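# Structural overview for review
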Amino acid sequence: MTGRPSLRIGVLALQGDVREHIASLDALGVDAFGVRRAEELERCDGLVIPGGESTTMIKLARNFELLEPLRARVAAGMPAFGTCAGMILLADRIVDGAEGQETIGGLDITVRRNAFGRQVDSFEEDLPFAGLADPVHAVFIRAPWVERVGERVEVLATAAGHPVAVRQEHLLATSFHPEVGGDARVHGAFVDLVAAR
Ligand code: GLN
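Keep in mind that this is a model prediction, so the values were computed, not measured. (Residues numbered from 1 in each chain as written. Predicted model: local features only at pLDDT ≥ 70, side-chain atom pairs only at ≥ 80, totals over all residues. Heavy atoms only, no water.)

With that out of the way, let us pick up the overall build of the chain. When its secondary structure is counted, the chain shows six helices and twelve strands. Its C-alpha atoms give the chain a radius of gyration of 15 Å, near enough to 16 Å, the size a compact globule of 197 residues would have. Based on the C-alpha atoms only, the size of the chain along its principal axes is roughly 40 × 40 × 30 Å. In the chain, which comprises 197 residues, the share counted as buried stands at 51%. Sequence separation of at least 24 residues holds for 64% of the intrachain contacts in the chain that already meet a minimum separation of 6. Entry remark: accessible area of the chain is about 8,700 Å², with carbon and sulfur atoms responsible for 47%. Each charge class in the chain was averaged separately, 20 positive and 28 negative side chains, and the resulting centres sit 4 Å apart. (Helix = DSSP H or I, 4+ residues; strand = E, 2+ residues; numbered from the N terminus. Rg over C-alpha atoms; globule rule 2.2 N^0.38 Å. Buried < 20%, exposed > 50% of the residue type's maximum accessible area, 1.4 Å probe, protein only. Contact = heavy atoms within 4.5 Å. Areas by Shrake-Rupley, 256 points an atom, 1.4 Å probe, with all protein chains shown as cover. Lys, Arg positive; Asp, Glu negative; His and termini not counted. Charge placed at Lys NZ, Arg CZ, Asp CG, Glu CD.)

So, in structure tokens, the structure goes:
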């Protein structure tokens, strides 16, 4: 699964932990780059949407005139992988969003923002992950969980009884941050998904 320099995978670079994702993708040998403009989005075979702050990221996407192009590409089947805030951006529905908080959408899930509560702002846990032989070391930071999934959604991992990693066709999302901690396997699964399309 390594060494695919012909695959171009963008990382939405409006806000959040962009560099860590680019480093994870670089380590897998793909052509990884930041995306801030519609022309850059057009070059992408797949897109990672990082963690950060979903309310800020969606506003910036609108200001940068990227929101409609993002919706169009995702709806047209471009593979996308959202982590934490990125999961929120891919979700069709949000609970506890900011008033009127928009999303890119495409993933038939309801996410609850900051779901794990104030006392546990961040925590780490080893989670079994469908398709991976060994558990993934998952780092959660003010993370959402998935409250409801549509019937085309496959649950890949759960924590506290809620889905925290899901896949629906070309869309992958995790509540946690696989870009921290040096385990490239979830990114590897996304690269495989991009390669398969
Ligand atoms: N709580 C953040 C939000 O709602 C997500 C946190 C993260 O991405 N680490 O956007």
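For the rest of this paragraph, the subject is the sheet that holds strand β4 (residues 80-83). As summarised here, the arrangement of the seven strands in space is β2-β1-β3-β4-β12-β11-β10, forming an open sheet in which the pairing is mixed. At either margin of the open sheet sits one strand with a lone partner, and together these are β2 (31-35) and β10 (154-159). Taken over all neighbouring pairs, the strand axes of this sheet differ in orientation by 20° on average, direction set aside. As judged from the three bridges shared by strand β1 (residues 8-12) and strand β3 (residues 46-49), these two strands associate in the parallel manner. Paired with G10 across the bridge in β3 is L47. (Pairing = 2+ DSSP bridges. Axes fitted to C-alpha atoms, helices over the stretch in contact; angles between N-to-C directions.)

What follows concerns the environment of D45. Following the sequence through the fold, D45 ends up in the loop between α2 (38-42) and β3. Assessed through its relative accessible area of 25%, D45 is described here as partly exposed. Note: C-alpha distance between D45 and T158 (113 residues apart in sequence) is 28 Å. Aside from chain neighbours lying at most four places away, what touches D45 is S6, L7, R8, M78, P79 and V194.

Summed over the entire model, instances satisfying the criterion amount to 15 salt bridges. In this structure, E102 and R71 form a salt bridge, with 3.5 Å as the shortest nitrogen-oxygen distance. Note that E102 is positioned in the loop between β5 (91-95) and β6 (107-112) and R71 in helix α4 (residues 67-75), a separation of 31 residues in sequence. When salt bridges that share partners are traced, they join R62, E68, R71 and E102 into one network. (Salt bridge = Lys/Arg side-chain N within 4 Å of Asp/Glu carboxyl O.)

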